[in-house]
2 protein chains.
Amino acid sequence: MKIALIQKRYASSKKRTVKKTVKDISIAAKAGAKLIVLQELHQNEYFCQSEDVKFFDYASSWEKDIVFWGEVAQENAIVLVTSLFERRAAGLYHNTAVVFETDGTVAGKYRKMHIPDDPGFYEKFYFSPGDLGFEPIETSVGKLGVLICWDQWYPEAARLMTLRGAEILIYPTAIGWFDEDSKKEKKRQLDAWITIQRSHAIANGIPVLSCNRVGFEKDSSGVLDGIRFWGNSFVCDAQGEMIAHAGKKETILYATLDRKRTKEVRDIWPFLRDRRIESYQDLLKRYCD
Amino acid sequence: MKIALIQKRYASSKKRTVKKTVKDISIAAKAGAKLIVLQELHQNEYFCQSEDVKFFDYASSWEKDIVFWGEVAQENAIVLVTSLFERRAAGLYHNTAVVFETDGTVAGKYRKMHIPDDPGFYEKFYFSPGDLGFEPIETSVGKLGVLICWDQWYPEAARLMTLRGAEILIYPTAIGWFDEDSKKEKKRQLDAWITIQRSHAIANGIPVLSCNRVGFEKDSSGVLDGIRFWGNSFVCDAQGEMIAHAGKKETILYATLDRKRTKEVRDIWPFLRDRRIESYQDLLKRYCD
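The present account deals with the structure reproduced in this document. (Residues numbered from 1 in each chain as written. Chains lettered and ligands numbered in written order. Predicted model: local features only at pLDDT ≥ 70, side-chain atom pairs only at ≥ 80, totals over all residues. Heavy atoms only, no water.)

Examining the overall build of chain A
Keep this limit in mind: The secondary structure listing takes helices from DSSP runs of H or I that are at least 4 residues long and strands from runs of E that are at least 2 residues long, numbered from the N terminus. Put simply, the radius of gyration uses C-alpha atoms, and a globule should come to 2.2 Å times the residue count raised to 0.38. Any residue under 20% of the maximum accessible area for its type is buried, any over 50% is exposed, and the rest in between are partly exposed; the area is computed with a 1.4 Å probe on protein chains only. In this analysis, two residues are considered to be in contact whenever any of their non-hydrogen atoms come within 4.5 Å of each other.
Within chain A, the regular secondary structure consists of 6 helices and 15 strands. Relative to the 2.2 N^0.38 estimate, which gives 19 Å for 289 residues, the radius of gyration of chain A is 18 Å and therefore close to what a compact globule would have. Each principal axis of the C-alpha distribution contributes one length, and for chain A these read about 50 × 50 × 40 Å. When the 289 residues of chain A are sorted by exposure, 64% land in the buried category. If you take every contact in chain A between residues at least 6 apart in sequence, the share linking residues at least 24 apart comes to 67%.

Quick word on the nonpolar core
Spelled out, the test is: Side-chain atoms within 4.5 Å are what join buried Ala, Val, Leu, Ile, Met, Phe, Trp, Tyr and Cys residues into a set we call a nonpolar core.
With 116 residues, the main nonpolar core has A:Leu35, A:Trp153, B:Leu35 and B:Trp153 as its most contacted residues. Apart from residues no more than four positions distant in its own chain, B:Trp153 is found in contact with A:Arg159, A:Ile202, A:Ala203, A:Trp269, A:Phe271, B:Ile175, B:Ala192, B:Trp193 and B:Ile196.

Section: the relation of the copies chain A and chain B
For the record, the criterion: For this overlay, a least-squares fit was computed on C-alpha atoms, restricted to residues scoring pLDDT of at least 70 in both copies.
Between the two copies, chain A and chain B, the superposition gives an RMSD of 0.0 Å; the rotation angle is 180° and the shift along the axis is 0.0 Å. Taken together, these values place the two copies in the relation of a two-fold axis. When the interface residues of chain A are mapped onto chain B, 100% of them are again interface residues, pointing to one common binding face.

Some remarks on the pattern of salt bridges
Residue and element names in this part refer to chain B. Threshold: We count a salt bridge whenever a side-chain nitrogen from Lys or Arg sits within 4 Å of a carboxyl oxygen from Asp or Glu.
In total, this model carries 59 salt bridges over all chains according to the counting rule given. A salt bridge links Glu 264 to Arg 261; its shortest N-O distance comes to 3.2 Å. Placement of both Glu 264 and Arg 261 in helix H6 (residues 259-268) is noted, with a separation of 3 residues, approximately one turn of the helix. A relative accessible area of 37% places Glu 264 in the partly exposed class.

Let's talk about the interface of chain A and chain B
Heads up, the condition is: By convention, the term buried area covers the 1.4 Å-probe accessible surface removed from two parts as they join, with the contributions of both added. In the analysis that follows, any N or O atom pair within 3.5 Å is treated as a polar contact, provided that within protein one partner can donate a hydrogen and the other can accept it, and provided that, for residues neighboring in sequence, both atoms belong to side chains. Think of it as three bins: nonpolar holds Ala, Val, Leu, Ile, Met, Phe, Trp, Tyr, Cys and Pro, charged holds Asp, Glu, Lys and Arg, and polar takes everything else, Gly as well.
Contacts between chain A and chain B engage 55 residues on the former and 55 residues on the latter. Each partner contributes to the roughly 5700 Å² buried at the junction of chain A and chain B, and carbon and sulfur atoms together form 58% of this total. Put simply, chain A and chain B have 13 salt bridges between them. Between the two partners, chain A and chain B, sit 39 residue pairs in polar contact (both at pLDDT 80 or more). Secondary structure elements with two or more residues in the side of chain A that touches chain B: helix H4 (155-163), helix H5 (183-204) and helix H6 (259-268) of chain A. Examining the composition of the side of chain A that touches chain B, we find that 11 residues originate from one element, H5(A), more than from any other. A breakdown of the residues in the side of chain A that touches chain B according to their chemical character gives 26 nonpolar, 10 polar and 19 charged.

Here's the deal with the packing of aromatic side chains
Applied cut-off: Pairing of aromatic rings covers Phe, Tyr and Trp, the last counted by its six-membered ring, and requires centre-to-centre distances within 6.5 Å; plane angles under 30 degrees mean stacked, over 60 mean edge-to-face, and any other angle means tilted.
According to the stated counting rule, one finds 58 aromatic pairs over all chains in the structure shown. Judged by centre distance (6.5 Å) and plane angle (65°), the rings of A:Trp150 and A:Tyr154 are edge-to-face. Comparing A:Trp150 with A:Tyr154, the two get one shared label, buried. An angle of 65° between the planes, with centres 6.3 Å apart, marks the rings of B:Phe121 and B:Phe178 as edge-to-face. Of this pair, B:Phe121 sits in the loop between strand E5 (106-111) and helix H3 (123-126) while B:Phe178 sits in the loop between strand E9 (176-177) and helix H5 (183-204); the two residues are 57 residues apart in sequence, bridging distant segments of the chain. Residue B:Phe121 shares its accessibility class with B:Phe178, and that shared class is buried. Three or more aromatic residues link up through ring pairs in this structure, and these residues are A:Phe47, A:Phe55, A:Phe56, A:Tyr58, A:Phe85, A:Tyr93, A:Phe125, A:Tyr126 and A:Phe127.

Describing the sheet that holds strand E10 (residues 208-211) of chain B
All names here are of chain B. Cut-off, in case you're wondering: Two strands qualify as a pair provided that DSSP identifies no fewer than 2 bridges between them. In this description, a line fitted to the C-alpha atoms serves as the axis of each element, helices being fitted only across the stretch in contact, and the angle between N-to-C directions of two axes falls anywhere from 0 to 180 degrees.
Pairing is mixed in the open sheet, where 6 strands are placed in the order E6-E7-E8-E10-E13-E14. Lying at the two open borders of the sheet, with one neighbouring strand each, are strand E6 (137-139) and strand E14 (242-245). Geometrically, the sheet is characterised by an average inter-axis angle of 20° between neighbouring strands, direction not taken into account. Bridge analysis of strand E13 (residues 234-236) against E14 gives 3 bridges, and the strand direction is antiparallel. By the bridge assignment for E14, Val 235 is matched with Ala 244.

Structure, rendered in structure tokens:
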């Protein structure tokens, strides 16, 4: 199965950004991609760089956004993984991935479970932690274990999706560097980000798709300079082998997934067989003190 | 703190192998190593390549082995992580890491929890799964999260050791290639092995020490050709950065661990803060079907 990740920069307005993204989806679909993944919060700039109530307005289009992206999926006859700002009630918002079927219907949604809060990434201000659990989304191209950004650092999330039958792990994400960090620190961060996600493929015998944004986005509050999103979207197979890897430019990244590979890899390295589930209780604790 | 991993080949008898290992320990201790780690089942050949009751005799020296390695630790005034074949009762054996204090006393032991069983690695025949849980061992050089080989593929094991306060993860291991595998497959396997262990460092903000054996060992049963142990022992820091990495030859691999680094890394990337423990219950299931 051919898939595509669309790695883009924010094009200074929602309208322009969405237009460019839709064009890329059309190109990817024509090139044969059956599953297309967009980056985290792909309609807007990464507004979580500062805490400002004005940005909640971005979620006011939630219902319309769903109609819009459903039509895009239908027009291109693809399964589409989007990442939207969900308005659930006044003062209650989520960072939500909505997956659309080839006929434009909603196949399912995932509300980001692990919410970061670090300088420049003030997501706990904007998003209530997800309450839909780690549930793969059944689609015509397979059961998709959709997770979002910060989730990628948690082996628990990847494992739970796998135990529930996910066939592919998918991470829309928005991560980058601060320009003031040293070259070495930047390398370490990017390397850690790739390594942890490849490790989920390895631990679970499942392919991983990670779609990140690119470009520099200023911190509108002026507290920090801004974030230089590092791109590097990638696809690795069920053994963690890189099969496609983007650079730091806007890209449509294609890969072909081999469904048989997951079975082969899991039969050679049957890690799920030997888990010591009777000794894992403390995983449900914050810390053992 | 300076540490050393001793990566060795089996020297055709226990006597010769132990003699060479003791010599290396002495060299490493003189070079200033305070913590020395040996590879998995370092006294003997990797006998699990075939299933033969004769090999249970190797465990008959269990009590003597403990006395012996305790003396080695004391003579060199180091904390020593050994990997021994434990005879617990007739017909009941474990793959057990014994950690010795600088005065030669036993600081603690860890019985391998995840037991593999694959062609050439018939460990389920020899070893009963550990029943001491994932408990770090308190020593004068810190709380050591000692795990063994197959455990390295399980994020659960690394996480549990971390939640229980481990300051370093340590993996004595014995893993290698079959000569008949392609060059590409060998690369994928080695790469996956390094990646998954570095990921434990990253997910948990904790340094990882992995000590593997080298050299070719024939399958004495003649069913398979044998295993070419791939060495590549390594040390990575709390962010997963490689700070020492051996090749495929016998080596004493030195590294210096910086205790402050763990705190720094965990404060920058506070993954433990955001775990969704109320949604992790299914980690205690074999599979969710």
